Structure formats: structure tokens, C-alpha cells
Amino acid sequence: MIQTRRAVTLGLLASALAGCGGSSAPVAQTTTAEPPPMPTVPNSAWDAWVAGYRSRALNAGVSASTFDAAFARAGYTPGVIERDRSQTEFTRTLEDYLAIAASDARIATGRAELARRSALMAEIEARFGVERQVFTAIWGLESQYGTRMGNIPVVSSTSTLAFDGRRGRFFEQQLTAALKILQNGDTTPDRMVGSWAGAMGHTQFIPTSYELYAVDFRGDGRRDIWSADPTDGLASAAAYLANSGWQRGLPWGAEAGTAAARGLSGRTIQPQAGGPSFVVTSNFNVIKRYNNSDLYAIGVGHLSDRLRGGGPIQASFPPDANGLTKDMRIELQQRLTRAGFDTQGADGVIGSNTREAISAYQARNGLPVTGEPSVDLLNRLR
């Protein structure tokens with residue numbers, strides 16, 4: 001059975017919305033800088049857990065030398081537990097999600113990568129039968145085309161989460177798989193880094209998915225998804241989709257208004273009330289095997305369409321709960337920034353930076369400090 005990656009792939013994606021948007025849903029920001037690495041701290045209880053786990057790892061086939069080398073620099077990392085505790089389900093609308101997932105910058109970068117690596121993309125597409133725009137879109141969403149792969153040692157993160165116990169069995173499985181990857185020689189403990197929950201490399205594979213589907217595309221003896229060269233990462237994503245049942249030539253779906261003209265049939269979904277509807281195919285479900293979220297699958301599908309030259313979503317989105325349309329939210333961000341309260345960009349997604357700017361404006365002007373956008377606030381800024 002193919003294992004969905006959703007439980008752990010929100011680490012990098014969720015943090016990405018902390019830019020001009022930002023709270024707790026996937027994708028993109030204007031900067032590509034990695035956040036500072038999470039520190040490790042002494043913890044005798046974690047030490048005791050590791051000592052007890054050692055025999056289980058060895059019984060599972062991990063050598064003593066691999067284990068000892070992997071844990072030589074590992075440590076208890078409380079930051080990953082904080083991130084695990086603070087996870088929420090998607091609270092973003094589809095409009096917000098797509099504003100980030102298929103931003104102008106993400107589309108432009110993806111098209112540039114497709115042109116730059118056209119020969120490689122063609123090879124991967126031919127071998128696995130997955131269109132290059134699709135696995136490139138996954139690359140774009142998962143790690144911003146390799147610029148945000150995570151910098152937390154996987155042995156530290158997965159052992160901390162296994163010790164913590166909330167999903168102890170799952171993360172112990174990931175830790176054991178990570179140790180076997182090291183034992184296989186694919187990478188070293190220092191290079192095996194990833195998101196807070198252990199998702200790794202260009203296309204953010206968890207260790208168990210890596211064991212099953214990672215690809216040594218050039219036959220050099222290592223499945224290196226961490227390298228600056230994205231070859232193995234892209235091939236691994238394509239292999240994952242192919243093994244999940246991807247049908248080459250079948251679109252993931254389309255807006256309901258255009259699906260019939262494209263000859264598509266399937267079920268119809270409307271992720272945002274009052275927003276566009278989509279007719280989706282079996283390939284939509286394959287994308288969800290990579291990350292079990294309708295928003296994610298639409299994000300990958302729509303970005304892949306844009307990468308091959310398609311246009312933006314045609315149907316309109318309704319005003320948000322505060323009565324603001326996307327254009328009004330962008331105007332609010334622009335006017336706040338011009339007034340000296342920088343929202344760190346204007347994408348129409350109201351996140352932590354925008355709320356901080358609103359709060360600062362409210363405090364400066366003697367207003368109740370709520371951090372909430374509103375039509376009245378926009379009118380005042382006008």
C-alpha cells in the first residue's frame with residue numbers, strides 16, 4: 001500500500017505562508033532563505049529512550065556502527081514538538097492557497113526550470129510516464145524548486161517525535177527507515193536533513209516513502225534527493241506518482257465550465273463555497289496519494305497547467321468573511337506598507353505579517369488593536 005505523505009509534509013509548506021500571507025497552510029513566500037536550524041538541548045529522558053530503542057533498531061537490521069554514527073551528533077530537539085503541537089488543519093481558502101501555490105513568481109521559476117533542464121525533464125517523463133509539468137509542480141510546492149528543503153537533522157527530528165509519543169509508532173518507523181538509508185550509503189548523517197517532521201530533499205520524501213520509491217536515476221549507486229542537483233528528487237516524485245497509478249495523457253481535472261469542452265468527465269468538487277467548481281479525474285486522486293488534500297491536489301494540478309502555458313482560474317471567488325475581495329486585500333496591504341506598516345508583500349493573503357502591520361497601525365492611531373482586516377480599515381487608509 002502506498003503511504004500518503006500528508007501527515008508530515010506540511011512542515012515546510014505551512015511555514016511558507018508566514019510571509020505576507022501566512023498562518024498554517026501550504027506554500028510560498030517571497031524569500032527563499034531557510035529559517036535558522038532548531039537547537040538541540042540535553043534531555044536525560046530522551047537519552048534513555050534512545051538507549052532502549054537501540055536494541056529495537058539492531059533487531060530491525062540496523063548495524064551498531066550505523067546507529068552509533070547516526071546518533072553521535074543527534075539530540076533532543078524541542079522545536080519539532082512545538083511544531084507538531086501547533087499543527088492545524090487547513091484554514092486557508094482555495095483562493096488564498098492558489099494565490100501562493102500558483103503565484104507569478106512560482107510560475108516564472110517553474111517555467112525557467114523546465115527550460116533549463118528540458119533534456120532531464122524529458123528523460124524522466126519518458127521513463128515514468130508522468131508529465132514533466134506535474135512533477136515540476138510538486139517540486140515547486142514542496143521545496144520552492146529546491147531552495148527550501150529543510151535543515152533539521154532527520155535522526156534528531158524523528159527520534160524526538162518518536163520519544164514524545166504522540167505519534168510514536170509512526171515516527172519510530174521513520175527513524176528506523178532513516179537509519180537504513182544511512183546504512184545503504186545514500187547519504188551521511190550530516191547531509192540527511194529535512195523539515196521538522198523528517199520530510200527530506202527536493203520533493204520532501206519521508207524515510208519510509210524514500211525506501212519504497214526513491215530513484216537512483218543516473219545509476220551512481222546513491223539515491224541522492226538532497227543534492228543541489230535535483231535529478232534523483234524529481235525522478236523519485238515521478239516514480240511515486242507512477243507507482244500510485246498515474247495515467248499519462250489524462251488531465252488531473254479542469255474548471256467545471258471548461259471540462260466538457262476538454263472532453264473530461266469525473267466527479268465535481270467545490271472546495272470553497274461560492275468559488276469555482278472542478279471536474280476531477282483519477283489522476284487527481286493520484287496527486288492526493290502524495291499529499292491527501294484537495295487543496296494540495298488542485299494546487300499541483302493548476303500550477304502544472306500554468307507551467308505548460310495555461311491561464312489563471314476563470315471563475316470568481318466570493319468576498320471573504322470580512323467582506324473583502326482579493327483585490328481589496330491587496331490594496332489594504334499596499335496602503336498599509338505605504339503608510340509605514342510593512343506587510344512584507346501584497347498577495348491578498350492575510351497572514352501573520354499583515355496582521356502585525358494592522359495591529360501596529362491600529363495602535364499608532366488609537367484604535368482597538370485586533371489585527372483584523374476590514375472594509376472600514378481599508379476605507380480609513382484610503
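The rules behind these values
- Residues numbered from 1 in each chain as written.
- Predicted model: local features only at pLDDT ≥ 70, side-chain atom pairs only at ≥ 80, totals over all residues.
- Heavy atoms only, no water.
- Helix = DSSP H or I, 4+ residues; strand = E, 2+ residues; numbered from the N terminus.
- Rg over C-alpha atoms; globule rule 2.2 N^0.38 Å.
- Buried < 20%, exposed > 50% of the residue type's maximum accessible area, 1.4 Å probe, protein only.
- Contact = heavy atoms within 4.5 Å.
- Areas by Shrake-Rupley, 256 points an atom, 1.4 Å probe, with all protein chains shown as cover.
- Lys, Arg positive; Asp, Glu negative; His and termini not counted.
- Charge placed at Lys NZ, Arg CZ, Asp CG, Glu CD.
- Core = buried A, V, L, I, M, F, W, Y, C linked by side-chain atoms within 4.5 Å.
- pLDDT = per-residue confidence, 0-100.
- Expected span 1.5 Å × (residues − 1).
- Phe/Tyr/Trp six-rings, centres within 6.5 Å; stacked < 30°, edge-to-face > 60°.
- Salt bridge = Lys/Arg side-chain N within 4 Å of Asp/Glu carboxyl O.
- Axes fitted to C-alpha atoms, helices over the stretch in contact; angles between N-to-C directions.
- Parallel < 35°, antiparallel > 145°, perpendicular 65-115°, else oblique.
- Left-handed = near helix turned anticlockwise from the far one by under 90°.
- Nonpolar A, V, L, I, M, F, W, Y, C, P; charged D, E, K, R; others polar.
- Polar contact = N/O pair within 3.5 Å; in protein donor to acceptor, adjacent residues only side chain to side chain.

**Let's talk about the overall build of the protein chain**
Consideration 1: Along the protein chain, the regular secondary structure elements total 18 helices and five strands.
Consideration 2: Taken against the 2.2 N^0.38 rule, which gives 21 Å for 382 residues, the C-alpha radius of gyration of the protein chain at 22 Å falls within 12% of a compact globule.
Consideration 3: Projected onto the principal axes, the alpha-carbon positions of the protein chain cover approximately 65 × 55 × 35 Å.
Consideration 4: When burial is assessed residue by residue, the protein chain has 55% of its 382 residues classed as buried.
Consideration 5: Relative to all contacts within the protein chain whose residues are 6 or more apart in sequence, the contacts with residues 24 or more apart total 70%.
Consideration 6: Here the protein chain displays about 15,500 Å² of accessible surface, and carbon together with sulfur accounts for 50% of that area.
Consideration 7: The positive charge centre, built from 38 side chains, and the negative charge centre, built from 35, are 2 Å apart in the protein chain.

**Things to note about the environment of A259**
Consideration 1: Checked against the element boundaries, A259 lands in helix α13 (residues 256-259).
Consideration 2: Along the primary structure A259 and G150 are separated by 109 residues, whereas in three dimensions their C-alpha atoms are 38 Å apart.
Consideration 3: Each residue touching A259, except ones within four places of it in the same chain, is listed here: A254, L264 and V279.

**Regarding the nonpolar core**
Consideration 1: Counting residues in each nonpolar core, the largest one holds 83 residues, and the members touching the most others are F71, I124 and L179.
Consideration 2: When neighbours within four sequence positions are excluded, I124 is seen to be in contact with G129, F135, F217, T231, L234, A235 and A238.
Consideration 3: Grouped together as the second largest cluster of nonpolar side chains are eleven residues, L324, A357, Y361 and L377 included.

**Quick look at the confidence of the model for the protein chain**
Consideration 1: Put simply, the protein chain has an average pLDDT of 91, and 90% of its residues get 70 or more.
Consideration 2: Note that residues 6-31 has pLDDT below 50 and, in this model, 110 contacts with residues that lie over four places away or in other chains.

**Here we look at helix α12 (residues 231-243)**
Consideration 1: With 13 residues, α12 ought to run about 18 Å at 1.5 Å a step, and its terminal C-alpha atoms sit 18 Å apart, in line with that.
Consideration 2: All of the buried residues in α12 are T231, D232, G233, L234, A235, S236, A237, A238, A239, Y240 and L241.
Consideration 3: Buried residues along α12 sit against α7 (118-128), α8 (132-143), α11 (207-213) and α14 (282-290).
Consideration 4: The positive-phi residue at the C-terminal boundary of α12 is G245, with phi of around 105 degrees.

**With respect to the packing of aromatic side chains**
Consideration 1: As enumerated under the stated definition, the model contains 16 aromatic pairs in all.
Consideration 2: Judged by centre distance (5.8 Å) and plane angle (40 degrees), the rings of Y53 and F67 are tilted. A residue pair is termed long-range when its members are at least 10 positions apart, and Y53 in helix α2 (residues 44-59) and F67 in helix α3 (residues 64-71) qualify at 14 residues. Pair check on accessibility: Y53 and F67 agree, each one buried.
Consideration 3: One aromatic cluster is present, formed by W46, W49, Y53, F67 and F71 through successive ring pairs.

**Things to note about the pattern of salt bridges**
Consideration 1: Under the defined criterion, the tally for this structure stands at 25 salt bridges.
Consideration 2: Across the pair R308 and D305 runs a salt bridge whose closest N-O atoms are separated by 3.2 Å.
Consideration 3: Note on R308: relative accessible area 43%, which makes it partly exposed.
Consideration 4: As a salt-bridge pair, D320 and R329 come within 3.3 Å of each other at their nearest N and O atoms.
Consideration 5: Judged by relative accessible area, which is 25%, D320 ranks as partly exposed.
Consideration 6: Connected through shared salt-bridge partners, D84, R85, D164, R166 and R167 make up one network.

**Quick word on the packing of α12 against α14**
Consideration 1: Running from amino to carboxyl end, α12 crosses α14 at an angle of 125 degrees, the nearest separation of the two axes being 9 Å. Regarding the angle of α12 to α14, the classification is oblique. For the crossing formed where α12 meets α14, the hand is right-handed. Together, A237, Y240 and L241 of α12 and V286, I287, R289 and Y290 of α14 make up the contact between the two elements.
Consideration 2: Among the residues forming the contact of α12 with α14, the class breakdown is six nonpolar, no polar and one charged.

**Considering the side chain of D232**
Consideration 1: Among the structural elements, D232 can be located in helix α12.
Consideration 2: Look at D232: it is buried, it has no salt bridge, and the nearest opposite charge is R218 at 6.9 Å.
Consideration 3: Polar side-chain contacts of D232 include one of 3.0 Å to the backbone nitrogen of F217.
Consideration 4: Excluding anything up to four places from it in sequence, D232 contacts V215, D216, F217, R218, R222, R223, D224 and I225.

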